[in-house]
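Commentary on secondary and tertiary structure
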Amino acid sequence: MKRKIFAAILLGSMFSTAGAATGVLSQKNLSLALSEKAAQNALQACAKDGYNIAVTLVDRSGTTLLIKRMDNAGPHTVEASRMKAFTALTTKNFTSSVMKGSQSNGGTANLRDIPDFLLLAGGVPVKVGDWVIGAIGVGGAPGGNVDEVCALAGLKSIESELNAG
């Protein structure tokens, strides 16, 4: 009986050791350099139309990589851009789509109660293939649809680097 118990313990420890070795993950993530390039291009896209915005980029864990606020952008734009980026990252979707979904589906109306969620257009996930590696959020243009256009312009500027990854 003791031998069976010892064998079971020994066998179990071998499997748990093998499981631990496979628990190490290797994941792609958004870099500060790409974030800087995307942010600058989002700012330029809105500036050409005279909009003063803030832009935030977060990495795959939702940690803020950078925030840029244009001169004369409203003080609320910084937090709005951060929350839009966070919402896009965690939902892995455009915030405009999440907003529309929450408006048309009563079961998702409580999404607005999740801390740091902002159900306004202007947040876009950053993807490499099907993997979400970060997100960009823009706030301050006259309407979330314009914020989204500026965010997409920022992502367009790093498209070749994302496709290479």
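Details of the structure are given in the entry above.
1. Side note on the environment of Ile 114
- Along the chain, Ile 114 falls in the loop between helix H4 (95–104) and strand E3 (123–128).
- Its relative accessible area of 34% is what places Ile 114 among the partly exposed residues.
- With 27 residues separating them in the primary sequence, Ile 114 and Thr 87 have C-alpha atoms 9.6 Å apart.

2. Considerations on the sheet that holds strand E4 (residues 131–139)
- With antiparallel pairing, four strands are arranged side by side in an open sheet as E2-E1-E4-E3. Every interior strand has two partners, whereas the edge strands, strand E2 (64–69) and E3, have only one. Put simply, the sheet's adjacent strands are angled 15° from each other on average, direction ignored.
- Pairing of strand E1 (residues 54–59) with E2 involves five bridges; the strand directions are antiparallel.

3. Observations concerning the pairing of E4
- Within E4, eight of the nine residues are buried, which leaves the element mostly enclosed by the surrounding structure.
- By the bridge criterion, six bridges tie E1 to E4 in an arrangement that is antiparallel. Bridge assignment links Val 55 to a residue of E4, and that residue is Val 138.
- Linking two consecutive strands that pair antiparallel, namely E3 and E4, is a turn of two residues; a positive phi of about 65° is found at Gly 129 within it.

4. Brief notes about the packing of aromatic side chains
- What the rule picks out here adds up to one aromatic pair.
- With centroids separated by 6.4 Å and ring planes inclined at 80°, the aromatic side chains of Phe 86 and Phe 117 adopt a geometry described as edge-to-face. One end of the pair, Phe 86, is in helix H3 (residues 76–91); the other, Phe 117, is in the loop between H4 and E3, with 31 residues separating them in the sequence.
- Judged by its relative accessible area of 10%, Phe 117 is buried.

5. Things to note about the environment of Glu 79
- Within the secondary structure layout, Glu 79 lies in helix H3.
- The spatial distance from the C-alpha of Glu 79 to the C-alpha of Gly 139 is 8.3 Å, given a sequence separation of 60 residues.
- Within polar-contact distance, the side chain of Glu 79 engages the side chain of Arg 82 at 2.6 Å.

6. Quick word on unusual backbone geometry
- The phi dihedral of Asn 72 is positive, around 70°, even though this residue is not glycine.
- Here Asn 72 shows up in the loop between E2 and H3.

7. Topic: the packing of helix H2 (residues 32–47) against helix H5 (residues 144–156)
- Where H2 meets H5, the closest approach of the two axes is 7 Å, and the angle between their N-to-C directions is 135°. Judged on the interaxial angle alone, H5 and H2 are oblique. As for the relative orientation of H2 and H5, their crossing is right-handed in sense. In this structure, H2 uses Ala 38, Asn 41, Ala 42, Ala 45 and Cys 46 to contact H5, whose residues at the interface are Cys 150, Ala 153 and Gly 154.
- Looking at the contact of H2 with H5 residue by residue, the classes come out as six nonpolar, two polar and no charged.

Cut-offs and rules
- The residue count restarts for each chain, going from 1 along the sequence in the order it is written.
- Given that the model is predicted, a residue must reach a pLDDT of at least 70 before its local features are reported, and side-chain atom pairs must reach 80 or more before they are shown or counted; all residues, however, enter totals for whole chains, interfaces and linings.
- Remark: hydrogens and water are excluded; side-chain values derive from all non-hydrogen atoms of the structure.
- A run of H or I in DSSP becomes a helix once it reaches four residues, and a run of E becomes a strand once it reaches two; helices and strands are each numbered from the N terminus.
- Per-residue accessibility, obtained with a 1.4 Å probe over protein chains only, is compared with the maximum for each type, and a residue is labelled buried under 20%, exposed over 50%, and partly exposed between these values.
- At least two DSSP bridges between two strands are needed for those strands to be called paired.
- To obtain each axis, a line is fitted to C-alpha atoms, and for helices this fit is confined to the stretch in contact; angles are then taken between N-to-C directions over 0 to 180 degrees.
- Aromatic pairing here means that ring centres of Phe, Tyr or Trp (its six-membered ring) are within 6.5 Å. Orientation follows from the plane angle: under 30 degrees is stacked, over 60 is edge-to-face, and everything else is tilted.
- The definition of a polar contact used here is a pair of N or O atoms within 3.5 Å, where within protein one atom must be able to donate a hydrogen and the other to accept one, and adjacent residues in sequence count solely through side-chain atom pairs.
- Reported orientations rely on four angle classes, namely roughly parallel under 35 degrees, roughly antiparallel over 145, roughly perpendicular from 65 to 115, and oblique for the rest.
- In this scheme, a crossing is called left-handed if the near helix is turned counterclockwise away from the far one by less than a right angle; it is called right-handed if the turn is clockwise.
- Between two residues, a contact is recorded if the distance between any of their heavy atoms is within 4.5 Å.
- Under the convention adopted here, Pro, Cys and the residues Ala, Val, Leu, Ile, Met, Phe, Trp and Tyr are nonpolar, Asp, Glu, Lys and Arg are charged, and Gly plus all remaining residues are polar.

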